[in-house]
Amino acid sequence: MRRYGESETIFKNIDALSPRVDTYRPTELPERQDELDEIYSALRPVEMGGTPINLLIYGEPGQGKTVAVDLETTALENWANDTDITLTVVKVECKGLNKSYNALTHLIKQLREVRLGPGEDLPMGYQRKQLLEMALQEMERIGGTIIIIMDEIDALGNDDYILYELPRATMTDANLSVIGITNDLTYTDNLDSDARSSLGEDAVVFPPYDSTDLRSILSRRAVTALRDTDFSCNDCNSPKCPHNVEESFENLDSGVLGSEVIPLCAAFAAKETGDARRALKLIYRATRFADERGETTVTEAHVREAQEYLEMKAVATGVQTLPVQKIISLMTVTYNAVSGTEPGETAELYDRYKEYCDAVDAEPRSKRRFRDFLNDHEGGGYIRKKTGRGKGKQNAYWLDVDVELVLQTLSKSDERLGKIADSLRENS
Ligand SMILES: Nc1ncnc2c1ncn2[C@@H]1O[C@H](COP(=O)(O)OP(=O)(O)OP(=O)(O)O)[C@@H](O)[C@H]1O
């Protein structure tokens with residue numbers, strides 16, 4: 001029988017392999033030195049008593065954008081704490097906020113909490129312009145230099161009011177700079193041109209990690225996380241090695257990780273967009289599988305098992321608990337995956353949605369509501385979206401999980417929906 005505290009473990013600091021930014025924050029990002037230097041250059045005016053430069057940061061998911069901004073702003077805050085500079089950094093997570101209005105209410109709440117401590121409510125019942133004025137007043141009260149980090153700004157869609165107004169706001173007692181982060185590379189193309197030029201005063205692009213980058217990232221994290229794992233010099237075996245050992249996969253020496261584990265995790269993650277989060281999820285799950293079974297080495301088999309497990313878990317747990325309307329909307333995107341016609345545009349998907357609703361006697365919801373369903377699926381990680389911006393351009397969606405897994409799970413849903421899933425399966 002298992003008991004807490006009695007098992008042997010291969011971990012010395014399990015959190016160092018966690019993909020969550022709030023569980024573990026790396027202290028260095030050598031693969032992002034150029035991008036860190038660019039962020040530093042935009043923040044540097046603070047050192048001289050000036051206003052930091054507004055910054056737009058973009059790159060695919062899992063490229064270290066959030067952690068890079070966090071590292072640089074924290075370094076600046078530490079320096080400001082040791083000097084006479086008043087510096088405040090506030091972060092607004094735009095995901096789920098959808099509109100400038102909501103982003104402003106969250107910003108005001110946070111600014112008030114800087115002055116008054118935690119527990120402030122979101123302001124309610126004001127117009128957008130009033131909210132902007134309230135936010136600026138709060139900043140004047142705080143004073144000094146204020147940096148507002150707005151993560152995932154693409155979640156605001158076409159409503160760029162806050163991105164237009166904030167970067168150009170002038171105040172008497174405060175210097176303001178906005179850092180916008182997005183993983184939609186086309187986002188700025190359709191921003192109002194004034195918003196684009198004031199927010200993107202400087203722009204930093206995070207190109208996708210390649211598999212060598214991912215191998216180094218995983219190697220460094222493994223050295224911190226696992227026992228009997230370190231970088232060692234290939235040129236000499238001296239414990240007092242005079243060489244400056246590069247922290248690369250080639251120099252990794254681990255009694256815990258099979259030699260194929262890191263390359264395989266990196267290869268799975270590099271296949272799409274070189275997503276470091278995905279690579280970390282894989283190695284974290286694979287090492288936990290080995291450790292929980294009392295095994296002392298992690299192998300390729302654990303990684304393959306982790307890959308299947310993560311996909312299955314994401315799909316099965318999520319899809320099984322979806323309400324009928326959302327299952328039907330997911331089926332429309334699944335159809336395109338089965339028929340090899342991805343991505344599907346909103347209008348085409350909506351027509352199919354109405355057909356499916358008809359087939360299962362469900363009342364079709366409005367196109368707008370249908371779009372909300374698709375956006376929720378994107379939030380849940382089942383599908384991906386390319387936002388169509390500009391006149392007449394539609395959003396396009398495609399499945400982001402294994403189609404066979406979706407079909408298997410959908411087959412087990414309600415009988416009539418299951419029949420549709422089965423017929424899709426026959427055609428896959
Ligand atoms: N160079 C790196 N070294 C070590 N860990 C890294 C590196 N780059 C990213 N990570 C890790 O990968 C995960 C994802 O990073 P982060 O959240 O910063 O990516 P992002 O580009 O902001 O992604 P998204 O756009 O999806 O929010 C985090 O756990 C982070 O610590």
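Residues numbered from 1 in each chain as written. Predicted model: local features only at pLDDT ≥ 70, side-chain atom pairs only at ≥ 80, totals over all residues. Heavy atoms only, no water.

Bringing the site of the ligand into the picture now. Among the 22 residues in the neighbourhood of the ligand, the closest are listed as Pro 19, Gly 62, Lys 65, Thr 66 and Tyr 209. Gly 62 is positioned such that a nitrogen or oxygen atom in its backbone is 2.8 Å from an oxygen atom of the ligand. Taking Arg 277, its side chain carries an N or O atom lying 3.1 Å from an oxygen atom of the ligand. At the level of elements, helix 2 (65–81), helix 7 (211–225) and helix 9 (276–292) are the ones that each hand at least two residues to the shell around the ligand. Among the residues forming the shell around the ligand, the class breakdown is 10 nonpolar, 5 polar and 7 charged. (Near = heavy atom within 4 Å. Polar contact = N/O pair within 3.5 Å; in protein donor to acceptor, adjacent residues only side chain to side chain. Helix = DSSP H or I, 4+ residues; strand = E, 2+ residues; numbered from the N terminus. Nonpolar A, V, L, I, M, F, W, Y, C, P; charged D, E, K, R; others polar.)

Before going further, it helps to examine the layout of surface pockets. Taken as a whole, the second largest pocket encloses approximately 340 Å³ of empty space. In this structure, the second largest pocket is lined by 15 residues; those nearest its centre are Arg 2, Ser 7, Glu 8, Asp 291 and Glu 292. Tallied by class, the residues present in the lining of the second largest pocket amount to 3 nonpolar, 4 polar and 8 charged. (1 Å grid on protein atoms, 1.4 Å probe; cavity = no way out; pocket = protein on both sides within 12 Å on 5 of 7 lines; lining within 4 Å. Points joined across faces, edges and corners; volume = space filled by probe spheres on them.)

This part is about the pairing of strand 3 (residues 144–151). The element strand 3 is extensively covered by neighbouring structure, given that 7 of its 8 residues are classed as buried. Where strand 2 (residues 87–93) and strand 3 come together, 7 bridges link them in parallel fashion. Its bridge partner being in strand 3, Thr 88 is matched across the sheet by Ile 146. One ladder, built from 7 bridges, connects strand 3 with strand 4 (residues 174–182); its direction is parallel. By the bridge assignment, Ile 147 is partnered in strand 4 with Ser 177. (Buried < 20%, exposed > 50% of the residue type's maximum accessible area, 1.4 Å probe, protein only. Pairing = 2+ DSSP bridges.)

Formed by 37 residues in total, the largest nonpolar core has its most connected members in Leu 226, Leu 257, Ile 283 and Val 298. Elements that contribute at least two residues to this core include exactly helix 7, helix 8 (261–270), helix 9 and helix 10 (300–320). When residues in this core are grouped by element, the largest group, 9 residues, is from helix 9. Contacts of Val 298, omitting those with residues within four sequence positions, involve Ile 10, Val 256, Leu 257, Gly 258, Val 261, Ala 286, Thr 287 and Ala 290. Counting residues in hydrophobic clusters, the runner-up holds 35 residues, among them Leu 104, Leu 132, Leu 166 and Leu 176. (Core = buried A, V, L, I, M, F, W, Y, C linked by side-chain atoms within 4.5 Å. Contact = heavy atoms within 4.5 Å.)

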